[in-house]
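Here is how the chains run, residue by residue.
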Amino acid sequence: MAKFKVDKSARYARTHEWVRMEDGVATVGISDFAQDALSDVVFVELPEVGEIVAAGSMAATVESVKAAEDVISPVSGEVIEVNSALESTPEIVNERPFETWFYRVQPAGTIDAELAALLGPDEYEQFMDEAAH
């Protein structure tokens with residue numbers, strides 16, 4: 001079984017997205033487990049700045065040589081920035097999944113409950129171990 005990296009400063013959705021809170025802004029990407037399952041990422045469709053995303057709803061799409069997968073937003077709020085580098089170099093998702101964020105959200109008032117519903121780093125490691133068996 002491969003051991004996947006986990007960012008200890010992030011919280012995780014069971015759909016393998018991560019979110020980090022930095023200065024009141026939520027930064028969202030996909031986990032090392034997710035990028036590995038997708039294999040070679042060839043295209044990323046990002047949300048629009050100003051778009052309202054809801055926790056548990058599709059916010060972006062990642063296409064690889066194997067499949068296209070929805071990126072499910074782990075938190076709700078307004079998209080305030082997208083990582084435009086992904087448009088020309090989507091493969092950086094495979095190379096650096098925790099440095100390569102997809103979008104940033106100004107969180108809604110429900111952020112504390114949404115973060116509490118996500119997995120912590122240790123819980124996520126256990127979840128990945130169980131998923132691998």
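Chains are numbered independently. Their residues run from 1 in the order of the written sequence. Only residues with pLDDT of at least 70 are given local features in this predicted model, and only at 80 or more are side-chain atom pairs given and counted; all residues enter the totals for whole chains, interfaces and linings. Heavy atoms from the whole structure form the basis of all side-chain values; hydrogens and water molecules are not counted.

Hey, could you run me through the packing of aromatic side chains in this one?
By convention here, two paired aromatic rings are described through the distance between centres and the angle between planes. For this analysis, a ring pair means two rings from Phe, Tyr or Trp (six-membered ring only for Trp) whose centres lie within 6.5 Å, classed as stacked if their planes differ by under 30 degrees, edge-to-face if by over 60, and tilted for the remaining angles. Scanning all chains against the criterion turns up five aromatic pairs. Summarising the aromatic geometry, the rings of Phe4 and Phe33 are spaced 5.1 Å apart at their centres and angled 75° between planes, so their arrangement reads as edge-to-face. Of this pair, Phe4 sits in the segment before β1 (11-12) while Phe33 sits in helix α1 (residues 32-38); the two residues are 29 residues apart in sequence, bridging distant segments of the chain. Just as Phe4 is buried, Phe33 falls in that class too. Relative to Tyr124, the ring of Tyr12 has its centre 4.2 Å away and its plane inclined at 5°; by these criteria the two rings are stacked. Of the two residues, Tyr12 is situated in strand β1 and Tyr124 in helix α5 (residues 121-132); the sequence distance between them amounts to 112 residues. Here Tyr12 and Tyr124 have matching classes, each one buried. An aromatic cluster is defined as three or more aromatic residues linked by ring pairs; in this entry it consists of Tyr12, Trp18, Phe98, Tyr124 and Phe127. Seen from the ring of Trp101, Arg104 lies directly overhead, with NZ or CZ sitting 3.8 Å from the centre. By definition, any uninterrupted DSSP run of H or I lasting at least four residues is a helix, any uninterrupted run of E lasting at least two residues is a strand, and each is numbered from the N terminus. For every residue, the accessible area (1.4 Å probe, protein chains only) is compared with the maximum for its type, and the residue is labelled buried under 20%, exposed over 50%, or partly exposed between those bounds. In this scheme, Lys NZ or Arg CZ marks a charge over a ring once it lies within 6 Å of the ring centre and within 35 degrees of the ring normal.

Sorry if this is basic, but what is going on with the sheet that holds strand β2 (residues 17-22) here?
One key point about sheets: their strands pair by backbone hydrogen bonds, in either a parallel or an antiparallel sense. Pairing is antiparallel across the open sheet formed by six strands, whose spatial order is β1-β2-β3-β9-β8-β5. Among the strands making up the open sheet, the edge pair consists of β1 and β5 (52-53). DSSP calls a pair of strands paired once it identifies at least 2 bridges connecting them. Pairing analysis gives two bridges linking β5 to strand β8 (residues 77-82), with the strands arranged antiparallel. Along β8, the bridge assignment pairs Ile52 with Glu78.

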